[in-house]
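The primary structure of each chain is shown beneath.
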Amino acid sequence: MTNIIQTLLCGVCLALVILSSSLPADEKPVDTKTEEISEAAQKQFELGNSAMERDEFEAAIEHFEEAVKAEPENGELHHALGVAYMANRNANAGWYHFRMAVRYAPENEAAVMDFLRTWKFLDNGGLFSVGTSADTIMKTLGKPDQFEQNGIQSRAIYGFMSINMINQQIFSILDLRNLPQGGLRSEDGLAFSLPEGWRVAYRILSFEQGNTEFTKGEETIQNWTELFSSQRFIGIDEEQAAKTMLGKIKDSLNSSFNDVEFKVIEESPDDVLFFWKIAETNEHPSQYEIVRIVKGKSDLHRIAYTRKSDQKDEENIKLWTETLRSAKLMPAEELRQYQQQAALESQALQAIRSQVQKQEEYLHEGNIEELKKFFLPEKQNEITAELLKKIDSKNFSIDEEAMVKRVELIEEDDTRKALIFNTKDEQVLTLIEKDNTWYATELWFTKLSGKQ
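In what follows, the accompanying structure is described.

Rules used throughout
- Residues numbered from 1 in each chain as written.
- Predicted model: local features only at pLDDT ≥ 70, side-chain atom pairs only at ≥ 80, totals over all residues.
- Heavy atoms only, no water.
- Helix = DSSP H or I, 4+ residues; strand = E, 2+ residues; numbered from the N terminus.
- Contact = heavy atoms within 4.5 Å.
- Pairing = 2+ DSSP bridges.
- Axes fitted to C-alpha atoms, helices over the stretch in contact; angles between N-to-C directions.
- Salt bridge = Lys/Arg side-chain N within 4 Å of Asp/Glu carboxyl O.
- Buried < 20%, exposed > 50% of the residue type's maximum accessible area, 1.4 Å probe, protein only.
- Core = buried A, V, L, I, M, F, W, Y, C linked by side-chain atoms within 4.5 Å.
- Phe/Tyr/Trp six-rings, centres within 6.5 Å; stacked < 30°, edge-to-face > 60°.
- Lys NZ or Arg CZ within 6 Å of the ring centre and 35° of its normal.

## Some remarks on the environment of Thr430
And then number 1: Locating Thr430 in the fold gives a position in strand S16 (residues 427-434).
And then number 2: Sequence spacing of Thr430 and Trp444 is 14 residues, and the spatial spacing of their C-alpha atoms is 9.2 Å.
And then number 3: Each residue touching Thr430, except ones within four places of it in the same chain, is listed here: Lys417, Ala418, Leu419, Tyr439, Ala440, Thr441 and Glu442.

Dropping the structure here:
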């Protein structure tokens, strides 16, 4: 069967507001069908093509609907129907049939392209950013083709894309095409630590590579001035060493832009650190980037800091050069433990800052009973009205972020402790965790006031 339909995907009609009830879903993944098309379906398909050529989209939809009824598991027919719906500005139905097309006929390049165009349109709008709620996904994309739940983890599959969620929020996107039977496995990865204020904004994985993007503060992956990227190129050939990729990136920049500034900072066959800068063009803002590429056992790892700016900030470049340089290649299990520890310390940092802020409020109010709740029992009796008067608690003031700049978690005698360091990297406080609550081991405010 020859498909002569021109893809008429229009950006205007891709503002999907799809009702879950309007898009049916199968309970299990669909097998690809290779049967010959029936005579009835072929006739309706040809009539639909003729109507499309005359721009009679509603007539085309009627013919393609009849073809799909005759051959409901034919991906090419679903694709034709999806294109007709899109041409008629019915994005809801078009999206559904694109999904069915790639599930029944994953080898159909035109269907895959239209599916990905729709997905990319939504992606550019931020729908698949880390943290998007499951409710938003369902309201926009409709009922998934497949849904799985395992405790706090779940995933919704649309076509060949899996939206993986934790606590009903997007954690990552996975392209299910060409995945190995045993799943994706990594032998190692780069462990790095970002300055405070950075967060994961986007995470996607396929059989070829994984990509995690970090943004600063309230910036998003769609609208950023600073970006940190972590990439894993999976199964790179031995000859594709870090130095080889360095050369390819340099050649690509020089062929695409004028007046490229390029500097190699450190270089070995399997580990390179370099800087590049380009000026603004009609298609691209001025920006500079610091990049490190490291060859692992079977994969190539890239981390990079990018900033949109027409001026070089030497202090900023120095900071990020050192951040990239300090990243360490670790075995996968060690890296997993490192990341878990970093996540716990980040959570503890925010919780302890919040506690310190509340303690400062109670000091100002002279609320002794509430203040006591943040300290170990043996220290609570020391908190008295006389002590608060002595330290002039009503005028007591601190900078919580400066005081609680870094948290180091340790296990000691089956007890988890949090060591608190300030901006000068001086330890200013120790807390002990009991029943998921942190308790201070000393009256830190007396030390800071100098009234011990």
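## Quick look at the sheet that holds S16
And then number 1: In spatial order, the strands read S14-S15-S16-S17; together these four strands make up an open sheet with antiparallel pairing. Here the strands that pair on one side only, and so sit at the sheet edges, are strand S14 (406-412) and strand S17 (437-440). On average, adjacent strands in this sheet sit at an angle of 30° to one another, irrespective of strand direction.
And then number 2: Inspection of the sheet shows S16 paired to S17 by four bridges, in the antiparallel sense. Pairing of Lys434 across the sheet is with Thr437, part of S17.
And then number 3: Each of S14, strand S15 (415-421), S16 and S17 touches helix H9 (residues 332-365); the most contacted strand, S14, lies at about 110° to it.

## Structural notes on the pattern of salt bridges
And then number 1: Counting across every chain of the model gives 28 salt bridges.
And then number 2: We note a salt bridge from Glu322 to Arg325, for which the minimum N-O separation is 3.0 Å. Of this pair, Glu322 and Arg325 both sit in helix H8 (residues 314-325), three residues apart, which is roughly one turn of that helix.
And then number 3: Residue Glu322 is classed as partly exposed on the basis of its relative accessible area, which comes to 41%.
And then number 4: Residue classification places Arg325 among the partly exposed positions, given a relative accessible area of 32%.
And then number 5: With its nearest N and O atoms 3.8 Å apart, the salt bridge here joins Glu369 to Lys372. Taken together, the positions of Glu369 and Lys372, both in helix H10 (residues 368-372) and three residues apart, correspond to about one turn of that helix.

## A word on the sheet that holds strand S3 (residues 161-166)
And then number 1: With mixed pairing, 11 strands are arranged side by side in an open sheet as S1-S2-S3-S4-S6-S7-S8-S12-S11-S10-S9. Each end of this open sheet is capped by a strand with a single partner; those strands are strand S1 (146-150) and strand S9 (261-268). Across the sheet, the axes of successive neighbouring strands diverge by a mean angle of 15°, strand direction being ignored.
And then number 2: Contacts between helix H5 (residues 109-124) and the sheet are confined to strand S2 (153-158), S3, strand S4 (169-175) and strand S6 (198-205), with S3 contributing the most and set at about 35° to the helix.
And then number 3: Strand contacts of helix H7 (residues 242-256): strand S8 (226-233), S9, strand S10 (271-278), strand S11 (287-295) and strand S12 (300-308), with the helix running at about 10° to S10, the strand carrying the most contacts.

## Here's the deal with the nonpolar core
Grouped burial of nonpolar side chains is what soluble globular proteins tend to show.
And then number 1: Counting 30 residues, the largest nonpolar core has Ile352, Phe375, Val407, Ile420, Trp444 and Phe445 as the members making the most contacts within it.
And then number 2: Elements with a minimum of two residues in this core: H9, H10, helix H12 (385-390), S14, S15, S16, S17 and helix H14 (444-449).
And then number 3: A per-element tally of this core places H9 first, with six residues.
And then number 4: Counting residues in hydrophobic clusters, the runner-up holds 27 residues, among them Val102, Val112, Ala156 and Tyr158.

## With respect to unusual backbone geometry
And then number 1: Even without a glycine there, the phi angle at Arg89 is positive, about 60°.
And then number 2: The exposed category is assigned to Arg89, whose relative accessible area is 55%.
And then number 3: Even without a glycine there, the phi angle at Asp392 is positive, about 55°.
And then number 4: Note on placement: Asp392 falls in the loop between H12 and helix H13 (400-403).

## A closer look at the packing of aromatic side chains
And then number 1: Enumeration according to the criterion identifies 20 aromatic pairs in this entry.
And then number 2: Between Phe115 and Trp119, the aromatic rings sit 6.1 Å apart at their centres with planes inclined by 20°, giving stacked as the arrangement. Here the residue Phe115 and the residue Trp119 both occupy positions in helix H5, the gap between them amounting to four residues, near one helical turn. Residue Phe115 shares its accessibility class with Trp119, and that shared class is buried.
And then number 3: Cluster of aromatic residues (ring-pair linked, three or more members): Trp95, Phe115, Trp119, Phe128, Tyr158 and Phe160.
And then number 4: One residue, Arg177, lies across the ring of Phe160, its end atom 4.1 Å from the ring centre.
And then number 5: The ring of Phe171 is capped by Arg203, whose NZ or CZ atom sits 4.0 Å from the centre of that ring.

Keep in mind these numbers describe shape, not what the thing actually does.
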